[in-house]
Amino acid sequence: MESAIALTRFYHPLLTGSYSHHLRSLSLFNSTPIFPKLSSVKYPFATISPARFIVTASSSPLSPSTTVAESQGLEIKSVPTKPIEGQKTGTSGLRKKVKVFMQENYLANWIQALFNSLPPEDFKNGLLVLGGDGRYFNKEASQIIIKIAAGNGVGKILVGKDGIMSTPAVSAVIRKREANGGFIMSASHNPGGPDYDWGIKFNYSSGQPAPESITDKIYGNTLSISEIKIADIPDVDLSQLGVTKYGNFSVEVVDPVADYLELMENVFDFSLIRSLISRPDFRFTFDAMHAVTGAYAKPIFVDKLGASLESIANGEPLEDFGHGHPDPNLTYAKDLVNILYGENGPDFGAASDGDGDRNMILGRRFFVTPSDSVAIIAANAQDAIPYFQSGPKGLARSMPTSGSLDRVAQKLNLPFYEVPTGWKFFSNLMDAGKLSICGEESFGTGSDHIREKDGIWAVLAWLSILANRNKDKRSGEKLVSVADVVTEHWATYGRNFFSRYDYEECESEGANKMIEYLRDLISKSKAGDKFGSLVGSYVLDFADDFTYTDPVDESVASKQGVRVVFSDGSRIIFRLSGTGSAGATVRIYIEQFELDVSKHDMDAQIALKPLIDLALSVSKLKDFTGREKPTVIT
């Protein structure tokens, strides 16, 4: 116990808590294992004077051998390590089960491999941002990332209070503070908690996800890594705003909402939105799903826009998202759906996901598909949102997203782009000044105000459209509803019936064999081939495995999804998703265009049933995966 008391003299002035937690941070510099197993015995640490000391640990984590006063520099440790399999970065970073990331050096290897992959000028003495969705393991991961960043020569880390910062906010902060880049600790819409998922990704200096040229290098370096460079500093207290300095390195803990809120006030007319939300005949509800936007909902919707506190559901961010699945769709946000479809439901409802970049929009007894949502925002942006008062520069969607946005671009005579799934493809177009508004059918919508999709931005965009449509409505007059906005849009542009079937956590072998089978099938198909029964058969226009050549940097992305497109414009698309942490998620997208207004009110599942049946038959999904029913239908 005497050695434990001695440690308190050299520890960070603000830290108190479990004995095990604080000794764990010191053991980073002790031996190859970054997180040795320690006792759970608790001991309160004393408060001391400013942290300008470096503790060099001996072979025992309880007995520091020397203490060196150092005010100008840092002591950097080289921790030996070995490559770890399975660290290939996907479209949205590296995602695995929490227990995988908690393995010896697993996260540290990937962070060091990242620094080994970046040009030194991209981080040396530079500023990096750090934030996350509040999920389990983020607090521990924050300390690892901070220490390795310092060990590799980063000048300053700017981190959200308690490690909290939404993915859109990280992008906004990178751009406002002119940072070199930033780390986002999130597995997005995947469940959180000790038995579930964790993730990490890196965004570059314009706030965009790192391109494949970097993520490929990271993976390559994870296969050859031999050492981790880590600064010999104590854990940083992330619960207090302010700056902590260790020699030439500093950590600033900031309000995760402030910069993002300022940006939103510059994009939207908050007084216009407030005029709608404050009406006694308009009711609004937002479900934060116990995820990161719980930290943003009250400051934005309640404090700034005048919504009642009761309009925010599940507004406290929790490490396990309240045992829920923070994915804003009709299945996992069922509580919100039940409220909007219930007796005398609110006029407008919305939800966001784990890290705040996705959204779901609902009206009273009315669901807005993400494909329709981005098209309607684009069609109304110039009139309703000050940021677009000069009109959008261009529009874009991911390949599986329905063609409803295409028709808006055509009518408004705007440049249009179809890109692979992954926000980095939009970011390239934005940086080149070619794109303003874009979206993915996977509940992602955004614009060039940042370089990520943005859930709260989408909600504010919809509130702006409704506020603009109702600004001249007197009390007692019937308000223009979400359903009115959507049906008017269909009457103008036609309706793209659209649905997505998700089969989550399929066996990877069977899922990959199915895709290979489909690739072989389309290679043998030709225009004019008939699919389906003789009565009501579909005539093939073309079939391919989508390949995209970036018009900005001419990079090529191939094998992005098998497309089967028919002569009437109907489409079936098959993809394996890269956002899960285990197995494979098979996604089937079904779309059919309908110009006849008298048919626009049909249920999408009924309108699309012949195509859905054809998709399941053609793919032999049950044979390859053994799955009878999808996990989620959108």
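Fair warning: this is a prediction, and the values are worked out from it, not measured in the lab.

What the chain contains, in helices and strands, is 20 helices and 29 strands. In the chain, which comprises 634 residues, the proportion classed as buried is 58%. Sequence-distant contacts in the chain: of pairs separated by 6 or more residues, those separated by 24 or more amount to 72%. Carbon and sulfur atoms provide 49% of the accessible area of the chain, an area that totals close to 24,900 Å².

Moving on, we get to helix α9 (residues 270-277). Listing the buried residues of α9 in full gives F270, L272, I273, L276 and I277. The buried residues of α9 occupy an angular sector of 160 degrees when projected down its axis, which confines them to one face. The secondary structure elements touched by the buried residues of α9 are α8 (258-267), α10 (294-304), α12 (370-384) and α15 (455-469).

Within the largest apolar cluster, 76 residues are counted, with the highest numbers of intra-cluster contacts made by F268, F301, F348, L460, W462 and L463. By residue number, the principal contributor to this core is α15, which donates eleven residues. In this structure, V79, F115, L238 and Y246 belong to the second largest nonpolar core, which totals 47 residues.

Bringing the environment of G160 into the picture now. For G160, the position within the fold is in strand β6 (residues 156-164). Overall, G160 belongs to the buried group, its relative accessible area being 0%. Spatially, the C-alpha atoms of G160 and L238 are 7.7 Å apart, while their sequence positions differ by 78 residues.

Our focus in this paragraph is the pattern of salt bridges. Under the defined criterion, the tally for this structure stands at 41 salt bridges. Among the ionic pairs, R358 bridges to D353, the shortest N-O distance being 4.0 Å. Ionic contacts of the salt-bridge type, sharing partners, join the residues R397, D406, E418, D544, R563, R571 and E591 into one network.

The residue G532 is located in the loop between β22 (530-531) and β23 (538-545) in this model. C-alpha of G532 to C-alpha of S617: the two residues are 85 residues apart in sequence and 8.8 Å apart in space. Sequence-distant contacts of G532, defined by excluding residues within four places in its chain, comprise S537 and L614.

Quick look at the packing of α9 against α15 now. Interaxial distance between α9 and α15 falls to 9 Å at its minimum, and their mutual angle equals 70 degrees. As summarised for this structure, α9 and α15 are arranged roughly perpendicular, according to the angle between their axes. Mapping the contact onto sequence places F270, L272, I273, L276 and I277 in α9 and L460, L463, S464, L466, A467 and N468 in α15. Tallied by class, residues from the contact of α9 with α15 come to nine nonpolar, two polar and no charged.

What follows concerns the sheet that holds strand β21 (residues 495-506). Read across the sheet, seven strands follow the order β22-β23-β26-β27-β28-β21-β29 without closing on themselves; strand pairing throughout is antiparallel. Across the chains shown, the open sheet's two edge strands, defined by having one partner strand only, are β22 and β29 (632-633). Pairing of β21 with strand β28 (residues 584-594) involves ten bridges; the strand directions are antiparallel. Among the inter-strand pairings, Y503 is bridged to a residue of β28, identified as V586. Of the strands in this sheet, β21, β22, β23, β26 (562-566), β27 (571-577) and β28 touch helix α19 (residues 609-619), which is tilted by about 140 degrees from β28.

The next point concerns the side chain of K77. Inspection of the secondary structure assignment puts K77 in strand β3 (residues 76-80). Its relative accessible area of 19% is what places K77 among the buried residues. For K77, the side chain forms a polar contact with the side chain of E75, separated by 3.0 Å.

Regarding α19, the residues found buried are L611, I612, L614, A615, V618 and S619. End-on, the buried residues of α19 take up no more than an arc of 160 degrees, which puts them together on one face. Backbone geometry just after α19 places K620 at a positive phi near 55 degrees.

Scoring rules and cut-offs
Residues numbered from 1 in each chain as written. Predicted model: local features only at pLDDT ≥ 70, side-chain atom pairs only at ≥ 80, totals over all residues. Heavy atoms only, no water. Helix = DSSP H or I, 4+ residues; strand = E, 2+ residues; numbered from the N terminus. Buried < 20%, exposed > 50% of the residue type's maximum accessible area, 1.4 Å probe, protein only. Contact = heavy atoms within 4.5 Å. Areas by Shrake-Rupley, 256 points an atom, 1.4 Å probe, with all protein chains shown as cover. Arc of directions from axis to C-beta. Core = buried A, V, L, I, M, F, W, Y, C linked by side-chain atoms within 4.5 Å. Salt bridge = Lys/Arg side-chain N within 4 Å of Asp/Glu carboxyl O. Axes fitted to C-alpha atoms, helices over the stretch in contact; angles between N-to-C directions. Parallel < 35°, antiparallel > 145°, perpendicular 65-115°, else oblique. Nonpolar A, V, L, I, M, F, W, Y, C, P; charged D, E, K, R; others polar. Pairing = 2+ DSSP bridges. Polar contact = N/O pair within 3.5 Å; in protein donor to acceptor, adjacent residues only side chain to side chain.

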